[in-house]
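What the coordinates show
Here is how the chains run, residue by residue.
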Amino acid sequence: MKNKKMLAFFFACTLFSMACSFAHPVTPTLIVERGLDSSVFGTALAAMQTTMFLFSPFWGQLCNYMPTKKIILLSTIGYAIGQAIFGAAQNEMMVFVGRIFAGCFTGGCFTAFSNYVINTSDPAERGTNLTTMLTIQTVASACGYFIGGMLGMISVEAAFIAMVIMILTCGVIFYTVCIDDTPFKVKPSEPLSLKKANPFSAFIAAKTFMTPMLAMIFIVIAISGVGYNAYEQSFNYFIKDQFNLGSQYNGTIKIIIAGLTMLLNSTVCMYLQKKTDINKTYLPVMIISTALVGSAILIKGQLPFMAVYIIYNGINAIRGPLLQSMVASKAAKEHSNMAMGFYQSMNSLGGIFGALFAGLIYAANPLYPFILAFSAYAIACAVGAVYTKKHIAASKN
């Protein structure tokens, strides 16, 4: 029964991840058609990532007190409302309002997903289930890009309407198929208070589970998140702005990425999870991603530029499951919910600066965001090398 419930959860994750990406390929078109400033593609996402950053630890705290499926339902409703505001926006202010509101709840969705998998999985299957969930999110997101790109050929509004309806439907599905994970959680000794509900208090509470090794993992997550978001957001706008390619091209690229991601995560990533010490083997994955981002700066041709992006996304998709499994393995069981909230928050922190700076420096030179992405990945690799060295030293003692 437990396995059937997990499969149903993965099915709902698939639909939700697809829906979340319907708007991405049409966002550049929305900006151009409605005469908005070009920097909005980065700055509005940074605003959303900021509220995700602030509220993710709070959602992690809340997961200790409420059934995770209730948090998922509440978060999907809030996220859908925010995206509806974004899709209806006719000026920059309304875009920011929609993105900021959506960000308050998006962190709740993804924090709750990770916690649900950790809480309801057997310890031996936890790594595999986390990898499966993140693979589904990546692959389904790519499929959603494609569907959103096709809907964008009808209109920008068509993509957003489909997105909102599907997100709300997914919230109901999650609430129906998910079990109550309360029996699998360590119940806090103190009741939830207004002080604990303060997003900033949730950050202070991180000291209860933080260790020097966990701190380095979170630094790698945040800095590589800067690189990922700078590259991702710039690429999507770059091919519209520089190559004049429509949303259907963005969607088609994502479908190819979906196939490559599924192949690599079902083979390479699973092998690394089961047969190697991921605290050491994640570093080569980071280095390869860094090299691919660096090569994108030097490439001038349209097809090679897109080919590098596709290969990079396939390799980079391995990074997420490995880092999340590293966090899950280093955090004590009683703090796993909060650690996953902090993990999501560090992802969002990287997204804030990656998207913000990419949007601000793009106008000066379209290649500057790609240089930023390469620099961030290089720094993350350096921190990762220090972590790996300390991990190897600790293993010998």
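See the structure above.
So, a few notes on the structure that sits alongside this text. (Residues numbered from 1 in each chain as written. Predicted model: local features only at pLDDT ≥ 70, side-chain atom pairs only at ≥ 80, totals over all residues. Heavy atoms only, no water.)

Next up on the list: the overall build of the protein. Check the secondary structure of the protein and you find 15 helices and zero strands. By the compact-globule yardstick of 21 Å for 397 residues, the protein fits well, its C-alpha radius of gyration being 20 Å. Structurally, the protein occupies a C-alpha span of about 55 × 45 × 40 Å along its principal axes. When burial is assessed residue by residue, the protein has 58% of its 397 residues classed as buried. Sequence separation of 24 or more characterises 87% of the internal contacts of the protein that already satisfy a separation of 6 or more. Surface summary for the protein: the accessible area is close to 15,600 Å², and the carbon and sulfur share equals 69%. Between the mean site of the 25 positive side-chain charges and the mean site of the 13 negative ones, the protein shows a separation of 10 Å. (Helix = DSSP H or I, 4+ residues; strand = E, 2+ residues; numbered from the N terminus. Rg over C-alpha atoms; globule rule 2.2 N^0.38 Å. Buried < 20%, exposed > 50% of the residue type's maximum accessible area, 1.4 Å probe, protein only. Contact = heavy atoms within 4.5 Å. Areas by Shrake-Rupley, 256 points an atom, 1.4 Å probe, with all protein chains shown as cover. Lys, Arg positive; Asp, Glu negative; His and termini not counted. Charge placed at Lys NZ, Arg CZ, Asp CG, Glu CD.)

Counting through the fold element by element, serine 21 comes out in the loop between helix 1 (2–20) and helix 2 (27–33). On the basis of relative accessibility, which here comes to 2%, the residue serine 21 falls in the buried class. A distance of 2.5 Å separates a polar atom in the side chain of serine 21 from a polar atom in the side chain of serine 141. Other than its neighbours up to four places away in sequence, serine 21 contacts Ser141, Gly144 and Tyr145. (Polar contact = N/O pair within 3.5 Å; in protein donor to acceptor, adjacent residues only side chain to side chain.)

The subject of this paragraph is the packing of aromatic side chains. Taken as a whole and assessed by the stated rule, the structure comprises 28 aromatic pairs. When the ring of phenylalanine 58 is compared with that of tryptophan 59, the centres are 5.2 Å apart and the planes differ by 55 degrees; the resulting orientation is tilted. Tryptophan 59 shares its class with phenylalanine 58; the two are buried. Each residue in the set Phe9, Phe10, Phe16, Tyr79, Phe110, Phe113, Tyr116 and Phe174 is aromatic and connected to the rest through ring pairs, giving one cluster. Between lysine 69 and the ring centre of tyrosine 175, over which it is positioned, the NZ or CZ distance is 4.8 Å. (Phe/Tyr/Trp six-rings, centres within 6.5 Å; stacked < 30°, edge-to-face > 60°. Lys NZ or Arg CZ within 6 Å of the ring centre and 35° of its normal.)

The subject of this paragraph is the side chain of serine 234. By the secondary structure assignment, serine 234 is in helix 10 (residues 212–241). Within the structure, serine 234 has its side chain in polar contact with the backbone oxygen of alanine 230 (distance 2.6 Å).

Here we come to the nonpolar core. Core analysis: the biggest nonpolar cluster contains 122 residues, and Phe9, Phe16, Phe113 and Phe174 have the highest contact counts within it. Contacts of phenylalanine 113, omitting those with residues within four sequence positions, involve Phe9, Cys13, Phe16, Ile72, Met133, Gln137 and Phe174. (Core = buried A, V, L, I, M, F, W, Y, C linked by side-chain atoms within 4.5 Å.)

Following the sequence through the fold, phenylalanine 53 ends up in helix 3 (residues 40–62). Note on phenylalanine 53: relative accessible area 18%, which makes it buried. As for phenylalanine 53 and serine 155, which are separated by 102 residues in sequence, their C-alpha atoms are 31 Å apart. Phenylalanine 53 has contacts with Phe203, Ser345, Met346, Ser348, Leu349 and Ile352, leaving out every residue within four places of it along the chain.

On to the packing of helix 4 (residues 68–88) against helix 7 (residues 156–177), then. As a packed pair, helix 4 and helix 7 sit with axes 8 Å apart at the nearest point and diverge in direction by 175 degrees. In this view, helix 4 runs roughly antiparallel relative to helix 7, as classed from their interaxial angle. Facing Lys69, Lys70, Ile72, Leu73, Thr76, Ile77, Tyr79, Ala80, Gln83, Ala84, Phe86 and Gly87 of helix 4, the residues of helix 7 in contact are Phe160, Met163, Val164, Ile167, Leu168, Gly171, Val172, Phe174 and Tyr175. In terms of residue class, the contact of helix 4 with helix 7 is made up of 15 nonpolar, four polar and two charged. (Axes fitted to C-alpha atoms, helices over the stretch in contact; angles between N-to-C directions. Parallel < 35°, antiparallel > 145°, perpendicular 65-115°, else oblique. Nonpolar A, V, L, I, M, F, W, Y, C, P; charged D, E, K, R; others polar.)

Looking now at a nonpolar patch on the surface. Taken together, the side chains of Ile77, Ile81, Phe101 and Leu168 make up a nonpolar region of the molecular surface, amounting to roughly 310 Å² of accessible area. With respect to the element layout, phenylalanine 101 can be found in helix 5 (residues 92–120). (Patch = residues over 30% accessible without salt bridge, like charges linked within 9 Å, V, L, I, M, F, W, Y side chains within 5 Å. Salt bridge = Lys/Arg side-chain N within 4 Å of Asp/Glu carboxyl O.)

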